[in-house]
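# Observations on the model geometry
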Number of protein chains: 2
Amino acid sequence: MLQEFVSSPHPAPGPEAGSRLSRRKAQLAGQLQRIKAARLPVLVLFEGWGGAGKGRLIGRAIQQIDPRFFKVYSMPAPTAEERRKPFLWRYFNVIPEADKFVFLDSGWLDETVRARQEGDLEGEEYAARLESINTFERQLTAGGYLLIKIFLQISRKEQKRRLGKLAGGKDTAWRVDGYDAWQAKHYKTCFAAFDEALEATNTAYAPWHIVDAEQKKPAELAVYTLLTDAIETALATRPGLGLIAQRQFPLRPMPLLEDVALDKTLTDKEYDARLKELQAQLGELHNRLYRKKVPVVIGYEGWDAAGKGGNIKRLTAALDPRGYEVIPIASPEPHELARHYLWRFWRALPKTGHITIFDRTWYGRVMVERLEGFCSEEDWKRAYNEINEFEKELADWGAVVLKFWVQIDKDTQLARFTERQNTPEKRWKITKEDWRNREKWDAYEQAVNEMLQKTSTVNAPWHIIESVDKKYARVKALGIVVEALERALK
Amino acid sequence: MLQEFVSSPHPAPGPEAGSRLSRRKAQLAGQLQRIKAARLPVLVLFEGWGGAGKGRLIGRAIQQIDPRFFKVYSMPAPTAEERRKPFLWRYFNVIPEADKFVFLDSGWLDETVRARQEGDLEGEEYAARLESINTFERQLTAGGYLLIKIFLQISRKEQKRRLGKLAGGKDTAWRVDGYDAWQAKHYKTCFAAFDEALEATNTAYAPWHIVDAEQKKPAELAVYTLLTDAIETALATRPGLGLIAQRQFPLRPMPLLEDVALDKTLTDKEYDARLKELQAQLGELHNRLYRKKVPVVIGYEGWDAAGKGGNIKRLTAALDPRGYEVIPIASPEPHELARHYLWRFWRALPKTGHITIFDRTWYGRVMVERLEGFCSEEDWKRAYNEINEFEKELADWGAVVLKFWVQIDKDTQLARFTERQNTPEKRWKITKEDWRNREKWDAYEQAVNEMLQKTSTVNAPWHIIESVDKKYARVKALGIVVEALERALK
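Below: a short report on this structure. Keep in mind it's a predicted model, so treat the numbers as computed, not measured.

### Concerning the sheet that holds strand E2 (residues 70-74) of chain A
All names here are of chain A. The strand order across the open sheet formed by five strands is E2-E3-E1-E4-E5, and the pairing between neighbours is parallel. The open sheet is flanked by E2 and strand E5 (208-212), the only strands paired with a single partner. The mean angle between the axes of side-by-side strands here comes to 20°, regardless of whether they run parallel or antiparallel. With five bridges connecting them, strand E1 (residues 42-48) and strand E3 (residues 101-105) associate as parallel partners. Each bridged residue has a counterpart across the sheet, and for Val-44 the counterpart in E3 is Phe-103.

### Regarding the environment of Glu393(B)
All names here are of chain B. Relative to the helices and strands, Glu-393 is located in helix H16 (residues 377-397). For Glu-393 and Phe-87, which are 306 residues apart along the polypeptide, the C-alpha to C-alpha distance reads 8.9 Å. Setting aside anything within four residues of it in sequence, one finds Glu-393 in contact with Leu-88, Ser-132 and Trp-346.

### Things to note about helix H18 (residues 432-439) of chain B
The periodicity of an α-helix, 3.6 residues per turn, causes residues three or four places apart in sequence to face the same way. All names here are of chain B. Along H18, the positions that sit buried rather than exposed are Asp-434, Asn-437 and Arg-438. The buried residues of H18 all sit within an arc of 105° when viewed along its axis, so they share a single face. Across from the buried face of H18, at angles greater than 90 degrees, the exposed residues are Lys-432 and Glu-439. The secondary structure elements touched by the buried residues of H18 are helix H17 (410-422) and helix H19 (441-455).

### Observations concerning the packing of helix H5 (residues 108-117) of chain B against helix H6 (residues 123-142) of chain B
All names here are of chain B. At a minimum axis distance of 11 Å, the contact between H5 and H6 shows a crossing angle of 180°. Regarding the angle of H5 to H6, the classification is roughly antiparallel. Across the interface between the two elements, Trp-108, Thr-112 and Arg-116 of H5 pack against Tyr-126, Arg-129, Ile-133, Phe-136 and Glu-137 of H6. Partitioning the contact of H5 with H6 into residue classes produces four nonpolar, one polar and three charged.

### Description of the relation of the copies chain A and chain B
Expressed as a screw operation, the relation of chain A to chain B combines 0.0 Å of axial shift with a rotation of 180°, fitting to an RMSD of 0.0 Å. Put plainly, the chains are arranged around a two-fold axis. Among all residues of chain A, the one whose C-alpha sits closest to the rotation axis is Glu333(A), at a distance of 3.6 Å. Mapped onto chain B, 100% of the interface residues of chain A again fall at the interface, so both copies present the same surface.

### Concerning the pairing of strand E8 (residues 355-359) of chain A
Residue and element names in this part refer to chain A. Most of E8 is tucked away: five of the five residues are buried. On E8, burial covers both faces: Ile-355, Ile-357 and Asp-359 on one face and Thr-356 and Phe-358 on the other are all buried. As paired strands, strand E6 (residues 296-302) and E8 are joined by five bridges and run parallel to one another. Following the sheet pairing, Ile-298 is matched in E8 by Ile-357. Here five bridges tie strand E7 (residues 324-328) to E8, and the two strands are oriented parallel to one another. Looking at the pairing, Glu-325 lines up with Thr-356 of E8.

### Notes on the packing of aromatic side chains
Inspection of the entire model under this criterion finds 50 aromatic pairs over all chains. Between the aromatic rings of Tyr91(B) and Trp108(B), the centroid separation amounts to 5.2 Å while the plane-to-plane angle is 80°, which identifies the pairing as edge-to-face. Pair noted here: Tyr91(B) is in helix H4 (residues 89-93) and Trp108(B) is in helix H5, with a separation of 17 residues, a long-range link. The pair formed by Tyr91(B) and Trp108(B) is uniform in burial state, with each residue classed as buried. Through a chain of ring-to-ring contacts, three or more aromatic side chains come together here, namely Phe87(A), Tyr91(A), Phe92(A), Trp108(A), Phe136(A), Phe345(A), Trp346(A), Phe358(A), Trp362(A), Tyr363(A), Phe390(A) and Trp462(A).

### What about the interface of chain A and chain B?
Contact residues are listed per partner, giving 47 residues for chain A and 47 residues for chain B. It is Pro67(A), Arg68(A) and Arg322(A) that lose the most area in chain A upon contact with chain B, and together they represent 16% of the buried surface on that side. Our enumeration of links across chain A and chain B arrives at six salt bridges. Residue Asp105(B) pairs with Arg322(A) through a salt bridge whose shortest N-O separation is 2.6 Å. Scanning the region where chain A abuts chain B turns up ten residue pairs in polar contact (both at pLDDT 80 or more). The set of elements that each furnish at least two residues to the side of chain A that touches chain B consists of helix H2 (17-38), helix H3 (54-61), E2, helix H11 (268-292), helix H12 (308-316), E7 and helix H13 (334-337) of chain A. Its residues assigned to classes, the side of chain A that touches chain B comprises 19 nonpolar, eleven polar and 17 charged.

### Things to note about the pattern of salt bridges
Residue and element names in this part refer to chain A. Taken as a whole and assessed by the stated rule, the structure comprises 82 salt bridges over all chains. Linking Glu-158 and Arg-161 is a salt bridge whose minimum nitrogen-to-oxygen distance equals 2.9 Å. Of this pair, Glu-158 and Arg-161 both sit in helix H7 (residues 156-168), three residues apart, roughly one helical turn. With its nearest N and O atoms 3.0 Å apart, the salt bridge here joins Lys-476 to Glu-466. With Lys-476 in helix H20 (residues 470-489) and Glu-466 in strand E10 (residues 462-466), the pair connects residues that are ten residues apart, well separated along the chain. Within the structure, one salt-bridge network assembled from shared partners comprises Arg-365, Glu-369, Asp-379, Arg-382 and Glu-386.

### So, the side chain of Arg339(B)
All names here are of chain B. Secondary-structure assignment places Arg-339 in the loop between helix H13 (334-337) and helix H14 (343-347). Look at Arg-339: it is buried, it has no salt bridge, and the nearest opposite charge is Glu-97 at 4.1 Å. Within polar-contact distance, the side chain of Arg-339 engages the backbone oxygen of Ile-95 at 3.3 Å.

### Considering the sheet that holds E6(A)
All names here are of chain A. Taken in spatial order, the five strands make up an open sheet running E7-E8-E6-E9-E10, and their pairing is parallel. Looking along the sheet, the strands with just one partner apiece sit at the ends: E7 and E10. Taking each pair of neighbouring strands and ignoring which way they run, the sheet shows an average axis angle of 20°. Direction of pairing for E6 relative to strand E9 (residues 400-407): parallel, over a ladder of seven bridges. Paired with Gly-302 across the strands is Val-406, a residue of E9.

### Focus on H6(B)
All names here are of chain B. In this model H6 runs 29 Å from its N-terminal to its C-terminal C-alpha over 20 residues, within 8% of the 28 Å that 1.5 Å per residue would give. Among the 20 residues in H6, 14 count as buried, and that is most of the element. Where H6 terminates, the next one or two residues include Gly-144, which has phi positive at roughly 95°.

About the criteria used
- Residues numbered from 1 in each chain as written.
- Chains lettered and ligands numbered in written order.
- Predicted model: local features only at pLDDT ≥ 70, side-chain atom pairs only at ≥ 80, totals over all residues.
- Heavy atoms only, no water.
- Pairing = 2+ DSSP bridges.
- Helix = DSSP H or I, 4+ residues; strand = E, 2+ residues; numbered from the N terminus.
- Axes fitted to C-alpha atoms, helices over the stretch in contact; angles between N-to-C directions.
- Contact = heavy atoms within 4.5 Å.
- Buried < 20%, exposed > 50% of the residue type's maximum accessible area, 1.4 Å probe, protein only.
- Arc of directions from axis to C-beta.
- Parallel < 35°, antiparallel > 145°, perpendicular 65-115°, else oblique.
- Nonpolar A, V, L, I, M, F, W, Y, C, P; charged D, E, K, R; others polar.
- Least-squares fit on C-alpha atoms with pLDDT ≥ 70 in both.
- Phe/Tyr/Trp six-rings, centres within 6.5 Å; stacked < 30°, edge-to-face > 60°.
- Buried area = accessible area lost by both parts, 1.4 Å probe.
- Salt bridge = Lys/Arg side-chain N within 4 Å of Asp/Glu carboxyl O.
- Polar contact = N/O pair within 3.5 Å; in protein donor to acceptor, adjacent residues only side chain to side chain.
- Lys, Arg positive; Asp, Glu negative; His and termini not counted.
- Expected span 1.5 Å × (residues − 1).

Structure representation (structure tokens):
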């Protein structure tokens with residue numbers, strides 16, 4: 001992709017360039033209100049050579065935008081803390097809210113090319129990384145985000161000149177880091193590496209825009225032209241993502257809920273013995289996964305009053321409290337609603353060596369949000385694949401991913417609701433909404449069945465936990481966790 | 001404080017100890033629902049010697065609590081990233097929501113004693129640190145938090161024995177770090193340092209509880225006894241903070257708003273020249289403060305339509321977008337409402353070398369929250385002092401703190417409201433709430449006057465920006481920023 005730019009001449013800007021820039025600036029200013037009305041989130045990624053002027057051009061681009069409506073993030077090499085999360089974590093973290101801009105000064109392209117050149121990313125891992133990037137960009141675009149990717153191209157000679165000038169200035173020398181200097185010395189190698197990564201991530205839904213940044217004014221005009229054109233198109237056609245071929249995930253066969261036998265029980269004696277044994281094993285495994293830095297993500301879903309809380313408690317009782325976190329998922333707050341639905345789950349991921357237990361999960365998208373109409377049909381239908389992709393990211397990162405559906409029948413739920421209602425200390429656990437949801441049991445059952453069929457992947461399979469006998473359920477879930485951790489730590 | 005414990009014998013637990021522990025456990029389980037009903041946030045700080053059993057005792061304490069209602073944070077030495085924020089930042093970050101528990105495994109006591117022993121904290125700085133801690137604890141307590149501080153005491157002999165055992169185990173050796181080993185070797189010095197810091201932070205509102213942790217079972221009983229008694233007291237008496245002597249801050253005299261002359265203007269020519277000059281100076285200063293790692297906090301308050309947005313824009317136009325952030329403050333979301341009102345401002349602080357501009361600020365507490373009854377009279381009256389303390393923390397940290405009140409008269413506001421209403425592109429800027437607020441002008445003016453009188457401290461003075469002529473206002477604000485930064489960078 002870059003080659004064309006090298007061979008093209010850099011024409012001096014014509015006399016009309018100034019007025020064209022003014023027109024584009026006015027156009028951007030005029031688009032802001034429509035962006036706000038359409039609640040369009042805009043993510044602008046600036047990549048390019050060291051010294052190409054990313055910071056300066058971002059500074060120009062934001063001049064027309066009210067400071068309350070954008071944020072700029074500089075994304076240098078990840079910190080030690082960030083390296084303990086999946087690669088995409090820090091990018092997912094900073095995606096804009098609806099009707100806001102985010103500008104990134106370098107991002108996933110730079111991080112990937114750099115890691116590759118430092119020898120940290122080779123072969124299959126490199127290929128997987130490129131696929132992660134494409135998935136991430138597609139998910140954002142499909143979720144209504146406008147993603148504008150700009151690569152600033154300068155020649156070897158120009159880069160040398162600029163870095164030399166920066167390094168020479170007392171107040172600017174700190175801007176040239178070791179990597180910039182290395183890049184300048186190995187321009188050809190870097191050129192090839194950039195070119196390859198640009199090609200591999202140049203998709204129909206998130207294409208690269210190469211900007212000739214050799215001369216400052218024309219580069220500014222090019223950036224404004226790109227921004228205004230991209231915004232215009234997005235406003236005219238949004239939601240603009242057509243049908244996109246989805247990744248195929250090998251799925252495990254799952255039974256229908258109605259075929260799950262719920263008569264499994266344990267005696268008190270069996271329960272006490274098994275619970276003690278499994279908890280001891282789990283405590284031991286927790287220590288080992290901490291040392292081996294294996295992250296663990298466990299999701300609980302199930303009917304109201306199925307016994308999720310008690311089940312989680314038996315699990316956490318065996319864990320060192322400094323090494324796990326339970327995240328209860330309620331309906332999203334405004335700042336969560338204003339972003340991609342997976343955002344709040346990305347943010348809550350454990351660091352390596354830690355366990356995060358989600359009490360309800362991202363599967364709300366294909367259950368409550370589907371049935372209550374909180375998202376469009378297109379949204380929840382697309383979500384099965386997006387969720388499989390999300391969980392694949394976690395598995396690729398090295399995480400153990402476990403998902404439990406805690407199952408009871410309708411009569412058992414009624415008995416438990418009634419008991420809660422009649423017991424003063426338990427009354428807070430039951431709300432009108434629980435009764436309302438119960439009325440939609442059949443619709444939920446259908447949605448749950450579809451979810452289990454479509455998202456039980458090899459990397460992140462569903463486990464149905466029969467919970468009419470809560471003791472049986474606790475021991476079963478614990479056993480699955482222990483077995484999965486043992487396998488991962490082998 | 002510790003001395004008494006050393007001399008006291010460690011009696012073997014009596015036969016009734018087991019049943020006492022069971023009773024306390026049942027008591028804690030029973031308290032949870034009342035904590036929920038009272039929306040009482042509980043912060044439990046475990047401090048003590050390395051090897052004293054903080055982790056184990058936290059593990060015991062949470063056994064009675066539903067995992068959705070507590071979080072445990074391990075607080076090791078601060079990371080490089082955390083060191084770029086004020087000392088209290090990472091603690092303010094993790095305070096619990098209303099009706100939730102947070103357990104801290106080590107905290108501000110350990111960090112302070114350790115820094116002192118490493119020679120990083122001496123003389124006045126050490127004294128200031130202790131005062132920060134006391135202020136923090138008082139603010140939380142006054143804000144309705146129950147803060148329980150526990151120090152686990154063990155003898156030199158016992159510590160040696162425990163660390164030796166840990167270091168010898170294949171799966172436990174990693175738990176003993178260099179500091180633990182150092183502590184064991186310098187037990188006497190550490191004893192004195194702990195003792196002094198405990199004394200200095202042992203206040204009526206947040207007293208220390210020293211727990212003899214020499215024997216495991218009695219220590220567990222002691223912790224349960226402390227927790228249940230403290231919770232019982234808090235539930236019975238909350239809000240339990242009586243009158244507390246407040247810190248005195250030297251204040252700058254401020255005029256009443258009615259006495260501020262609003263006829264100041266600039267010609268277009270003066271404006272263009274001054275703006276250009278000041279922005280160039282500011283850009284230069286931004287570079288220097290980045291290198292010298294000086295943090296800057298700028299707060300904007302003012303009447304609706306006073307011109308805050310345009311004023312901020314002239315400021316940010318001169319800044320490198322990678323080095324500042326504008327934080328618009330709207331009404332708090334549920335997760336913000338559920339915590340101390342200063343929490344969301346603490347979280348948004350810049351790191352050293354960066355600038356954060358707040359578009360509306362923590363002063364909402366003594367304006368809109370006061371006038372709309374969103375907090376009690378006691379709350380907002382206490383807030384003047386709490387805010388002065390907050391800003392003192394920032395100044396002590398080395399930050400430049402600037403506060404602007406953007407002032408117009410009532411007629412000017414009407415003219416601007418009307419213009420907004422009549423201009424289609426500006427209509428989104430005006431809401432019914434703006435008109436409603438306008439009706440309360442006099443009450444607001446009184447509140448603003450009181451605020452200006454009570455919070456214009458030497459470290460963080462208020463600046464009134466006359467903004468009937470917006471150009472004059474922009475140049476004045478810019479000039480104040482430039483001057484303050486020049487002073488700080490000298």
